[in-house]
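# Summary of the model geometry
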Amino acid sequence: MEKGNVIHEGKAKIIYETSDPGQVIMFFKDEATARNGEKKGTIKDKGIINNKISTYFFKLLKDHGIDNHYIGTPDARDMLVKKIDMIPLEVVVRNVFAGSLAARFGKEEGTPLSMPIVEFYYKSDALGDPIINRYHAIALEIATLTELNEIEHLAFSINAILKEILGAKNVDLIDFKTEFGRDEKGRIILGDEISPDNCRFWDKDSKQKLDKDVFRHDLGSPEEAYQEMLRRLTE
Ligand code: UDP
């Protein structure tokens, strides 16, 4: 499928029109940013690896009954997906204290949570993606209560599925970010990507980080961490 006009260019992906108005191509870039664009860099072959890892997770989730936008992987950096009306929320699921949650509550990274939690962040680069609650989301008409309930239900289901699969690969799922959209019938389906760019993956034994924190905090070679994650999933 040929790429048409650019619909949107984000920090990690470019979205292109295709000849089918119901489908778009997500092109995965190697560029990496952290702290809302303050730190910039390139992770060699990140686009290829993230396309492969996202393909793996989207197929797996579909097999487990989680509807998502994935259609196919026509090229190394291209994913063909259903065009959906994206809801401007970052939906974060957490199993363990890390990152901004650890900082907010003064907890040591790696402290387990007594149950998984979901958080909503309003997607706005200008505002720095502020954390919001359900009342904000409803009052700002970002999503309805019914939609938020569905999003939460899906987010927890995705967490349970990913945790189990990753556990078998000796990886702990610390937290991850998802985004959802509405399909042509108004149903909520999973979009965006699921990759080391937006998940925290730790080796179960050594607690070694196999995700973007390696880039964010200069902890070694991000390329190697991403490659290792791909190897664990596909071998
Ligand atoms: N995350 C993301 N995009 C963002 C912010 C966070 O994909 O703009 C992911 C991040 O990779 C982690 C989870 O969401 O898996 C929770 O991130 P956190 O709120 O701890 O923020 P961070 O420490 O990354 O600033």
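Overview of the structure.

Looking only at helices and strands, one finds 6 helices and 15 strands in the chain. Taken against the 2.2 N^0.38 rule, which gives 18 Å for 235 residues, the C-alpha radius of gyration of the chain at 17 Å falls within 12% of a compact globule. In terms of its C-alpha atoms, the chain occupies a principal-axis envelope of roughly 45 × 40 × 35 Å. Residues classed as buried in the chain amount to 51% of the 235 residues present. Across the chain, contacts joining residues at least 24 apart in sequence account for 56% of those joining residues at least 6 apart. Summed over its atoms, the accessible surface of the chain is roughly 11400 Å², and 52% of this surface lies on carbon and sulfur atoms. One finds the centroid of the 34 positive side-chain charges in the chain at a distance of 2 Å from the centroid of its 41 negative side-chain charges.

Around the ligand sit 16 residues, and of these Arg-94, Ser-100, Asp-175, Asn-198 and Arg-200 come closest. Within the side chain of Ser-100, an N or O atom sits 2.6 Å from an oxygen atom of the ligand. The separation between an oxygen atom of the ligand and a polar main-chain atom of Asn-198 is 3.5 Å. Looking at the shell around the ligand, the elements that each hand over two or more residues are strand E9 (89-96), helix H2 (99-105), strand E12 (171-178) and strand E15 (199-203). The residue makeup of the shell around the ligand, split by class, is 5 nonpolar, 3 polar and 8 charged.

Quick look at helix H6 (residues 222-234) now. The end-to-end C-alpha distance of H6 is 18 Å, a good match for the 18 Å that 13 residues give at a rise of 1.5 Å each. Packed against the buried residues of H6 are helix H1 (46-63), helix H4 (145-167), E12, E15 and helix H5 (213-216).

Moving on, we come to the packing of H1 against H4. Running from amino to carboxyl end, H1 crosses H4 at an angle of 115 degrees, the nearest separation of the two axes being 11 Å. Like other packed secondary-structure pairs, H1 and H4 cross with a definite hand, here right-handed. Listed contacts from H4 to Tyr-56, Phe-57, Leu-60 and Leu-61 of H1 are Ile-158, Ile-161, Leu-162, Ile-165 and Leu-166.

Turning to the sheet that holds strand E7 (residues 78-82), a few remarks are in order. Pairing within the open sheet is antiparallel, and its 5 strands lie in the order E1-E2-E3-E7-E6. Looking at strand neighbours, the two that pair on one side only are strand E1 (6-9) and strand E6 (70-75), the edges of this open sheet. This sheet shows a mean twist of 25 degrees between the axes of neighbouring strands, independent of strand direction. Taken together, the 3 bridges between E6 and E7 define a ladder with antiparallel strand orientation. Bridged to Gly-72 within E7 is Leu-80. Lying on the sheet, H1 is in contact with strand E3 (23-28), E6 and E7; it crosses E6 at an angle near 150 degrees.

Attention now goes to H4. The end-to-end C-alpha distance of H4 is 33 Å, a good match for the 33 Å that 23 residues give at a rise of 1.5 Å each. Restricting attention to buried positions, one finds in H4 the residues Glu-147, Leu-148, Ile-151, Glu-152, Leu-154, Ala-155, Ile-158, Asn-159, Ile-161, Leu-162, Ile-165 and Leu-166.

Reading the values: the criteria
- Residues numbered from 1 in each chain as written.
- Predicted model: local features only at pLDDT ≥ 70, side-chain atom pairs only at ≥ 80, totals over all residues.
- Heavy atoms only, no water.
- Helix = DSSP H or I, 4+ residues; strand = E, 2+ residues; numbered from the N terminus.
- Rg over C-alpha atoms; globule rule 2.2 N^0.38 Å.
- Buried < 20%, exposed > 50% of the residue type's maximum accessible area, 1.4 Å probe, protein only.
- Contact = heavy atoms within 4.5 Å.
- Areas by Shrake-Rupley, 256 points an atom, 1.4 Å probe, with all protein chains shown as cover.
- Lys, Arg positive; Asp, Glu negative; His and termini not counted.
- Charge placed at Lys NZ, Arg CZ, Asp CG, Glu CD.
- Near = heavy atom within 4 Å.
- Polar contact = N/O pair within 3.5 Å; in protein donor to acceptor, adjacent residues only side chain to side chain.
- Nonpolar A, V, L, I, M, F, W, Y, C, P; charged D, E, K, R; others polar.
- Expected span 1.5 Å × (residues − 1).
- Axes fitted to C-alpha atoms, helices over the stretch in contact; angles between N-to-C directions.
- Left-handed = near helix turned anticlockwise from the far one by under 90°.
- Pairing = 2+ DSSP bridges.

Purely geometric stuff here, so don't read any function into it on its own.
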